[in-house]
Amino acid sequence: MAVREIAGVRVFVCPEAGPSLVEDRALSGLIGELYGARAKLVAAPLARLGPDFLRLSTGVAGHVLQKLVNYRFRIAVLGDVSAAAAGSQPLRDFIRESNRGTTVWFLDDLAALEAKLASG
């Protein structure tokens, strides 16, 4: 378990390796770990979210994000989404709108998350 305090926020940093977080058992396990760590935000590598996560029509992103939000957790999806976004206007719009809010962010890496949290 890797928990970091970043700009006053307890962030659970998921490792690159591990089960896909789109599987209900893994996602429920993550939520349990978040509670145990008293984390408010999870930094999840894009690689842990599977190939269908960025295809909005599959509903995978909606399922994962909604479950986390329902349990009052914030999420930063870490990784390069530029190629997928370039091929999908709805995905570009979703990423842009998410990044304007405070609950779901799409960021390149942990350094970008640190900068976003530090800027308020």
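The following refers to the structure shown. (Residues numbered from 1 in each chain as written. Predicted model: local features only at pLDDT ≥ 70, side-chain atom pairs only at ≥ 80, totals over all residues. Heavy atoms only, no water.)

## Re the packing of helix α1 (residues 24-37) against helix α2 (residues 60-70)
The test is simple: A fitted line through C-alpha atoms serves as each axis, taken over the contacting stretch for helices, and the angle formed by two N-to-C directions is quoted from 0 to 180°. For the purposes of this entry, the term helix denotes a DSSP run of H or I that reaches at least four residues, the term strand denotes a run of E that reaches at least two, and both are numbered from the N terminus. Here is the rule for angles: anything less than 35 degrees is roughly parallel, anything more than 145 is roughly antiparallel, 65 through 115 is roughly perpendicular, and the remaining ranges are oblique. Each crossing is labelled by how the near helix is turned from the far one, with a counterclockwise turn of less than a right angle marking it left-handed and a clockwise turn marking it right-handed. Here, two residues are considered to be in contact whenever any of their heavy atoms come within 4.5 Å of each other. Amino acid classes used here: Ala, Val, Leu, Ile, Met, Phe, Trp, Tyr, Cys and Pro are nonpolar; Asp, Glu, Lys and Arg are charged; the rest, including Gly, are polar.
Running from N to C, α1 and α2 cross one another at 25°; their axes reach a closest spacing of 11 Å. Looking at the two axes, α1 sits roughly parallel to α2. Relative to α2, α1 is oriented so that their crossing is right-handed. Of the residues in α2, those touching α1 at Asp 24, Leu 27, Ser 28, Ile 31 and Leu 34 are His 63, Val 64, Lys 67 and Leu 68. When grouped by side-chain class, the residues that make up the contact of α1 with α2 number 5 nonpolar, 2 polar and 2 charged.

## Considering the nonpolar core
Short version of the rule: Only buried residues count toward a nonpolar core, which is a set of Ala, Val, Leu, Ile, Met, Phe, Trp, Tyr and Cys residues joined through side-chain atoms within 4.5 Å. Relative accessibility under 20% of the residue-type maximum defines a buried residue, over 50% an exposed one, and the middle range a partly exposed one, all with a 1.4 Å probe and only protein chains included.
Counting residues in hydrophobic clusters, the biggest one holds 30 residues, and the most contacted among them are Phe 53 and Leu 68. Sorting the residues of this core by element identifies α1, β3 (41-45), α2, β4 (74-78), α4 (89-100) and β5 (104-107) as the ones contributing at least two each. Those residues within four positions of Leu 68 in sequence are excluded, and the remaining contacts are Leu 27, Ile 31, Leu 34, Val 42, Phe 73 and Ile 75. By size, the runner-up hydrophobic cluster in this structure holds 12 residues, among which are Leu 41, Ala 43, Leu 78 and Leu 113.

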